Each structure stands twice: as structure tokens, then as C-alpha cells.
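Examination of the molecular architecture
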Amino acid sequence: MIKLNYKNVTEQVIGEQYGLNIEKEFNEYAPKIQSIIMDLNLRKDKPGQWLQWMNLGYNEETVWYVKEYAAMVEGRFDNILVLGIGGSALGGIAVTEALLKPYWNLLSTSDRGNQPRIFFLDNIDPDQINALLNMLDLRRTLVNVITKSGSTAETMSQFMIIKDRMQQLLGDDYRKNIVATTDKQSGILRQIANEEGYKTFVVPDDVGGRFSVFSAVGLVPFALVGIDIDEIVEGVKIMDLALKNTDIWKNIAAQNALIHYLMDTKKGHYLSVMMPYSSRLKYVSDWYVQLWAESLGKEVDKNGNVVNVGPTPIKALGATDQHSQIQLYNEGKHDKIINFIRVEEFDTHLEIPKIFDCTGVNYLGGKSINELINAEADSTAVALADFKRPNLTISLPKVNAYYLSQLFYMLEVQTAIAGELYNINTFNQPGVEQAKNYTYALMGRAGYEESRETLTCKIGR
Ligand code: PA5
């Protein structure tokens, strides 16, 4: 299992002013945490609670259908192109970057084990889209368009451009190059998919975008590039069973949620930095940033009181950002808690050759890059603690499907528990919806005419 080490947030290590008396806090909050975990598990099957993501470790049927589809299209495509944004893309990007061989799309077909290349288009930059479409042979590209609402302007506009080009190239056969992942019955994409006869997968009810990585949203692209989705789901299941434990002393998601909550509300450490020491885990930080920000940044609490809460997540990468952000984290404002992710065993063991005798670099010769990166992770954690900066380390035995899905699921449960501690609705995103609606208005969607006039005035053009 993955592990959490919170020693460097304790007052024994970083002092009373910034550190927590963990024993006192855990014991004091134990009943509350127990009732939160029991309540989440009791509510998870009730419609409208947005907790169906807690069942995704037990979703054998979807896994079966996804594997069946991946086997059916195997060998037919050189490229998978995923269209989606936010929760419909970030989990996919993070998992494929972590689990596929580095530089996957640049490898030869045989080095990729005959699996296709994979591209995620999660923005609407015309230059980027154009360049990608000029590069891909659309006849040999399978497009997975993912949108739960079925109407997000960014995703649907990309889809309209690509569908049009595919149809020009392939005629009616273009349909075979499209797989849509969307709501089972509502939304424009569902309607189009039904009318045009696309293969579809369902974003289950009561699973929000940022909690959807283990639904068909993630599983379809993962299976299409040969990632072992059984292992992924197994990791989720094992972690779910572990996190059903209502004892805070034995539940790492509850521990990290409470530590972050107290650091924010008692110690003024409201910035949460996610800093994996592994390039393959770089995009886990992007996924975490969305999960933490959209879930916990809220104007009102569950009782309707204006609270304007939410710790701010920040992404960083070890060891790279030791030469960029760490100066600030060591000596700047006392307002951050740093989450390190440490990989115990990398797939590769890379020796540093003994080629120079000069003092200053000869200490490196004969060691490995593996030792160096973990020495840097450890020394940065200790240095931060010396500067009285709270930091935690999550350790992954290896970067593989089983441990990675444990990590993701743990962070999801942590977010849900934190949301309960803040007493807010973790699963809505009114701030995102507002911007989406303004876009619809500005782009002339029917029904948004009134907003359009006010907006045009406010923009001042
Ligand atoms: O987490 C969320 O709910 C959002 O980030 C959505 O995933 C994002 O806005 C995209 O929405 P949709 O999947 O409906 O296109």
C-alpha cells in the first residue's frame, strides 16, 4: 500500500507556532472523522449525493465492456485522440503520463508494444489544434470525445472541427473512428451519438468530472493504449477497503484531510503544494489542483452562509522546482503545506559513471540517479522542516497501475472528507458553471440572449 508520513507537520518537529499537536487533534477529531466516513459510506448509493465515484472500484461490468471494445479495435488505429477538458481530461493525462513509457508518442510502434500513440486536446488554441490535425492521419485515428454534460463549448467545438474533417476523408465510415463518453441519456453529445450511431460509453450518474477518472472517462483511453485496467480498478478497491476504516489513526485520507484543514484554519497555511519527485507523476499535480480547487473553493457552506473557503493548491515538480520554488517555500510567508510524493523503486536503475576525479563531482560517480533523486526528496523535506515549514510525504513503492490508482483514490476520499470538515458542498462547481454560461451567451447560444447584452456591456467592446 502507499504510505503517508506526516512527521514534519508535528509540533515536535516544526515547533508549536506552526506545527500541530497531532495526538491531541486526532483524538479530538476522532468522533467527527468517524461520523464523516460512516456518513459518506451510507450516502454513497443514494441518488443526488454525487458519491457514486466511491463505487468505481467494484465496476466489473464497465471494465468488461471497455476491454471488449479495446480488443475489438486493437490494431486498427495508430493514434488515440482524446477530446475533453477539466475532469474529462486531467485524470487521463495524469495516468497515461505516469504509466506509459516516457516519451511514448515518440517511440517506434514496436517499442510501444504495437499500441497506438495518445494525444489529449484539452484546450482550444487554434494553432495547437491546427498543428495536431495536420500531423495526425485522421484515417488511422480513433477520437474519444468525452463530456459529461455533452455541451461544453471547448470540447464540442473541437469535436465539430474534427468530425467534419473525418467525414470529408472517410465518408460515412467516419463513425467507426469515434467513441463518445457522455451521460447515458441527457446532453447534446448523447443526442448526436444516438442519431449518428457512434459507439458510446457512459459517465455514470452522480460521478462529477473531477471524480470520474476510474469510470469509462479514464478506463476507455487507458485500455486503448494497453494499460492494465484490472490493476487500476484493483488498486481503487484495495484503497477503498482501507479507507472504510473509521479510525483516524488508521485512515491516511482522513489524516491528510484533517491536517490540511487544521493547517488552513488554525495555522494560516492555506496553500497546498503538490510536489512529486518523479517526472512521470508531474501531471498528478495538475489533476490534484483541479480536484482540490473545484471541490473545496466555495462561497457558501451547506447552511447557505457566505464562507468563501478553500485552500489554494499549487503544482510543483521535484527535483526541478528545487531550483525555482523552494527558496520561497523555505523562507517566504508561513502559508504553505507541501505534499511530497516519493517513489521508492523506479523501473530503471541508472548508474552515474566514475569519470571525473575532481572533488566537487567525484562523490557522484558510482552512485545512481535513483539515490540522488530520493536524497533530494529527503533533504528538501528536512530543510523545509528546519525552516519550520509543514510538509508531508506520500510514498509509492513503484509507479504502476496498482499504486497509482491507490494514490488517486486516496486523494479523492481526502477531498471528500476535507469538504465535510469545511461543511461545504464538495461536488458542485457554481463558479465553473457561471463562466460556461457566459461563454454560451457570448457565442450566441439560443436562450442566453439577455446575458449576452449585459456581458457585451461589461466587457466594453
Ligand atoms: O470536474 C468537473 O465537473 C469539471 O471540471 C468538468 O469536468 C469540466 O467542466 C468538463 O465538463 P464536461 O465533462 O461536462 O464537458
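Residues numbered from 1 in each chain as written. Predicted model: local features only at pLDDT ≥ 70, side-chain atom pairs only at ≥ 80, totals over all residues. Heavy atoms only, no water.

With that settled, the discussion passes to the overall build of the protein chain. Counting its regular elements, the protein chain contains 16 helices and 12 strands. Against the compact-globule benchmark of 23 Å for 461 residues, the protein chain has a radius of gyration of 23 Å, which places it among compact chains. Here the C-alpha coordinates of the protein chain stretch approximately 70 × 65 × 50 Å along the principal axes. Out of the 461 residues belonging to the protein chain, those deemed buried represent 50%. Intrachain contacts of the protein chain at a sequence separation of at least 6 include 76% that bridge at least 24 residues. For the protein chain, the computed accessible surface area is about 21,100 Å², with 51% contributed by carbon and sulfur atoms. (Helix = DSSP H or I, 4+ residues; strand = E, 2+ residues; numbered from the N terminus. Rg over C-alpha atoms; globule rule 2.2 N^0.38 Å. Buried < 20%, exposed > 50% of the residue type's maximum accessible area, 1.4 Å probe, protein only. Contact = heavy atoms within 4.5 Å. Areas by Shrake-Rupley, 256 points an atom, 1.4 Å probe, with all protein chains shown as cover.)

Each pair of packed helices can be summarised by the angle the axes make with each other and by the distance between the axes. Packing of helix 4 (residues 90-99) against helix 11 (residues 282-296) leaves a shortest axis separation of 8 Å and a crossing angle of 155 degrees. It follows that helix 4 is roughly antiparallel to helix 11 by the angle criterion. Both helix 4 and helix 11 take part in a crossing whose hand is left-handed. Counting all contacts with helix 4, which are made through Leu90, Gly91, Ile93, Ala94 and Glu97, the residues of helix 11 involved are Tyr283, Val284, Asp286, Trp287 and Gln290. Tallied by class, residues from the contact of helix 4 with helix 11 come to 6 nonpolar, 2 polar and 2 charged. (Axes fitted to C-alpha atoms, helices over the stretch in contact; angles between N-to-C directions. Parallel < 35°, antiparallel > 145°, perpendicular 65-115°, else oblique. Left-handed = near helix turned anticlockwise from the far one by under 90°. Nonpolar A, V, L, I, M, F, W, Y, C, P; charged D, E, K, R; others polar.)

In this section: the site of the ligand. Looking at the ligand, there are 14 residues lining it, with Ser88, Thr147, Ser149, Thr152 and Gln290 nearest. Within the side chain of Ser88, an N or O atom sits 2.7 Å from an oxygen atom of the ligand. Contact between the ligand and Ser149: an oxygen atom at 2.7 Å from a side-chain N or O atom of the residue. Look at the ligand: alone it shows 380 Å² of surface, and the protein chains cover 92% of it. (Near = heavy atom within 4 Å. Polar contact = N/O pair within 3.5 Å; in protein donor to acceptor, adjacent residues only side chain to side chain.)

This next bit is on the domain arrangement of the protein chain. For the protein chain, the assigned domains are domain 1 (3-43 + 233-422) and domain 2 (52-230). For domain 1 versus domain 2, the distance between C-alpha centres works out to 30 Å. Facing 31 residues of domain 1, the contacting portion of domain 2 comprises 26 residues. Buried surface at the junction of domain 1 and domain 2, both sides included, amounts to about 2,400 Å², of which 67% is carbon and sulfur. The interface formed by domain 1 and domain 2 contains 1 salt bridge. As a salt-bridge pair, Glu294 and Arg210 come within 3.0 Å of each other at their nearest N and O atoms. For the side of domain 1 that touches domain 2, the leading source of residues is helix 14 (residues 401-422), giving 9 residues. Classifying every residue of the side of domain 1 that touches domain 2 by side-chain character gives 16 nonpolar, 6 polar and 9 charged. (Domains from an automatic or database assignment. Buried area = accessible area lost by both parts, 1.4 Å probe. Salt bridge = Lys/Arg side-chain N within 4 Å of Asp/Glu carboxyl O.)

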